[in-house]
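Examining the three-dimensional arrangement
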Amino acid sequence: MYPYSVKPGQMWGTVAIVVALLLVVGIITAIIVAGYPGSSEPGDSPRGVLVSGDEAQTGCTWTSGCPEGVREIEVYKLNTPVPAEAITVAEGSTMLFDYGGEAEQGFPYCDLSSLDSNAGGALPCQWRGENVEIPANLPPGEYGMAVSIEREERADFYGFHFLVEQR
């Protein structure tokens, strides 16, 4: 007799738990391989551009990467790819997110992380015509921002990097 004998009824419960754990690990792995957290195919996301005054920055995506140098920062507990170079934003101004001409094609979310402190959280953002308007009512400093457009069939995520300067 083995010191840890399992009764026949207990064995199936243990097998079910192991199978459930393997299924969860498989699902998580599939999400990560598919380009978490975005669900679109590479190159399938519309080009996302952040505009402030006369400066513009093409956003990085989890599925397509960055058009220029990349830097990873944590935005709302997710490692977010952002362009290495920051654009300048005037304190109290309004930034515009151009979603590749696909106006009002989903619900926008904007999350922010300060690179100067541990501050961060959601920013108010909403559609204004063909662009998403994002107020820069922030103290001067360096920030990373994730903008996502939630649609019925998928979500598109973009990372941006900017410096807020005092007016």
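These numbers were taken from a predicted model, which means no experiment stands behind them.

What follows concerns the nonpolar core. Counting 23 residues, the largest nonpolar core has L50, M95, F97, I134, M145 and F162 as its most contacted members. Mapped by element, the contributors of at least two residues to this core are strand 5 (87–90), strand 6 (94–98), strand 7 (107–114), strand 10 (131–135), strand 11 (141–150) and strand 12 (155–165). Residues in contact with I134, not counting those within four places in the same chain, are L50, S93, T94, M95, F97, C110, L123, P124, C125, M145 and V147.

With that settled, the discussion passes to the sheet that holds strand 1 (residues 49–52). Read from one edge of the open sheet, five strands run 2-1-6-10-9, paired in antiparallel fashion. A strand with exactly one partner marks an edge of an open sheet, and here the two such strands are strand 2 (55–58) and strand 9 (126–128). Strand-to-strand twist of the sheet, defined as the mean angle between neighbouring strand axes without regard to direction, takes the value 30°. Here strand 9 pairs with strand 10 via three bridges, running antiparallel. When the bridges of strand 10 are listed, R128 appears paired with N131.

For the coordinates displayed, the defined rule picks out one salt bridge. In this structure, the salt-bridge partner of R128 is E133, at a minimum N-O distance of 3.2 Å. Residue classification places E133 among the partly exposed positions, given a relative accessible area of 26%.

Rules and cut-offs
Residues numbered from 1 in each chain as written. Predicted model: local features only at pLDDT ≥ 70, side-chain atom pairs only at ≥ 80, totals over all residues. Heavy atoms only, no water. Core = buried A, V, L, I, M, F, W, Y, C linked by side-chain atoms within 4.5 Å. Buried < 20%, exposed > 50% of the residue type's maximum accessible area, 1.4 Å probe, protein only. Helix = DSSP H or I, 4+ residues; strand = E, 2+ residues; numbered from the N terminus. Contact = heavy atoms within 4.5 Å. Pairing = 2+ DSSP bridges. Axes fitted to C-alpha atoms, helices over the stretch in contact; angles between N-to-C directions. Salt bridge = Lys/Arg side-chain N within 4 Å of Asp/Glu carboxyl O.

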